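Geometric and topological summary
Letter by letter, the chains look like this.
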Amino acid sequence: MIEILTDIADSIKSGSQTISAAKNAVQTVRELTKSKTASPAEIESKLLDLTEIMVDARTMHADLIDKITELKAVIAEQDDWKKKREAYSLVDVARGVPVLEYVHRDENDQTVPHYACPVCSEKKMIIPLRKNGWVLTCPNCDADFFFGAEDTSQALTDYDPFAH
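Everything numeric here is computed off the predicted structure, so don't read it as measured data. (Residues numbered from 1 in each chain as written. Predicted model: local features only at pLDDT ≥ 70, side-chain atom pairs only at ≥ 80, totals over all residues. Heavy atoms only, no water.)

1. Section: a negative patch on the surface
How we decide: Each patch groups residues whose relative accessible area exceeds 30% and which form no salt bridge, using 9 Å between like charges and 5 Å between nonpolar side chains of Val, Leu, Ile, Met, Phe, Trp and Tyr. Areas reported here follow the Shrake-Rupley algorithm with a probe of radius 1.4 Å; residue values treat only the protein chains shown as occluding. The term salt bridge refers to a side-chain nitrogen of Lys or Arg lying within 4 Å of a carboxyl oxygen of Asp or Glu. Only four residue types enter the charge count, namely Lys and Arg as positive and Asp and Glu as negative; His and the chain termini do not. A charge is said to be at NZ when it belongs to Lys, at CZ for Arg, at CG for Asp and at CD for Glu. Where helices and strands are cited, they refer to DSSP runs of H or I of at least four residues and of E of at least two residues respectively, numbered from the N terminus.
Residues Glu3, Asp63, Asp66 and Glu70 make up a contiguous surface patch of negative charge. For the negative patch, the element with the highest residue contribution is helix α2 (residues 40–86), accounting for three residues. As for its position among the elements, Asp63 is in helix α2.

2. Topic: the packing of aromatic side chains
Stated formally: Geometry of aromatic contacts follows a simple scheme: Phe, Tyr and Trp rings, the Trp one being its six-membered ring, pair when their centres are within 6.5 Å, and the pair is stacked under 30 degrees between planes, edge-to-face over 60, tilted otherwise.
Under the counting rule described, the total for this entry stands at one aromatic pair. Aromatic pair Tyr88 and Tyr102: ring centres 5.1 Å apart, planes at 40 degrees, arrangement tilted. In this pair, Tyr88 is assigned in the loop between α2 and β1 (89–94) and Tyr102 in strand β2 (residues 97–105), connecting sequence segments 14 residues apart.

3. Looking at helix α1 (residues 2–34)
In plain terms, the rule: A helix is expected to span 1.5 Å for every residue after the first. A 1.4 Å probe rolled over the protein chains alone gives each residue an accessible area, and that area as a share of the maximum for its type sets the label: buried under 20%, exposed over 50%, partly exposed in between. Here a residue-residue contact requires only that any non-hydrogen atoms of the pair lie within 4.5 Å.
The terminal C-alpha atoms of α1 lie 48 Å apart, and with 33 residues this matches the ideal 48 Å at 1.5 Å per residue to within 8%. Buried within α1 are the following residues: Ile4, Ile8, Ser11, Gly15, Thr18, Ala22, Ala25, Val29 and Leu32. On its buried face, α1 sits against α2.

4. Some thoughts on the packing of α1 against α2
To be explicit about the condition: For helices, the fitted axis covers only the stretch in contact; all axes are lines through C-alpha atoms, and the angles between them, taken along N-to-C directions, range from 0 to 180 degrees. Here roughly perpendicular refers to angles of 65 to 115 degrees, roughly parallel to angles under 35, roughly antiparallel to angles over 145, and oblique to all remaining angles. Rotating anticlockwise by less than a right angle from the far helix to the near helix defines a left-handed crossing, while the corresponding clockwise rotation defines a right-handed one. Just so you know the grouping, Ala, Val, Leu, Ile, Met, Phe, Trp, Tyr, Cys and Pro go in nonpolar, Asp, Glu, Lys and Arg go in charged, and all remaining residues, Gly too, go in polar.
Interhelical geometry of α1 versus α2 gives an angle of 160 degrees and a closest axis separation of 9 Å. As judged from the angle between their axes, α1 and α2 are roughly antiparallel. Crossing angle aside, the handedness with which α1 passes α2 is left-handed. Split into classes, the residues belonging to the contact of α1 with α2 amount to 21 nonpolar, six polar and five charged.

Written out as structure tokens, the structure is:
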């Protein structure tokens, strides 16, 4: 997006210079038409210069419109990503094991969460995690997220029997 904004700023600067050149050319043509010593060929030459400047200005205007359209598309893409990402919350499936959680309601109005990879979300991708025993695995980046025993009656603790 910075590159597009830089291009737009450069186009505006060039456009400003083109407008100044057009104003000068108009002033020159005006002075030549009032002058009794200017030849028709000289006036025609300056009018051709003015026409070239106007064609350049029109081209710059079209390029600027293209760059603004491109910028709007980038902003829309970022807004879409932001909306997608805001639908997810960062939760711990086990102590110190964060994943993205999306909760939606099924046809029976029951909440059904699914988890997505937080690593891939940094790359602006929502990749659902696959459950494999006590592990949630990302099929895209192969990151593993351990969440504990399938039997929820078992507690996960910080107890380390080997620490003294």
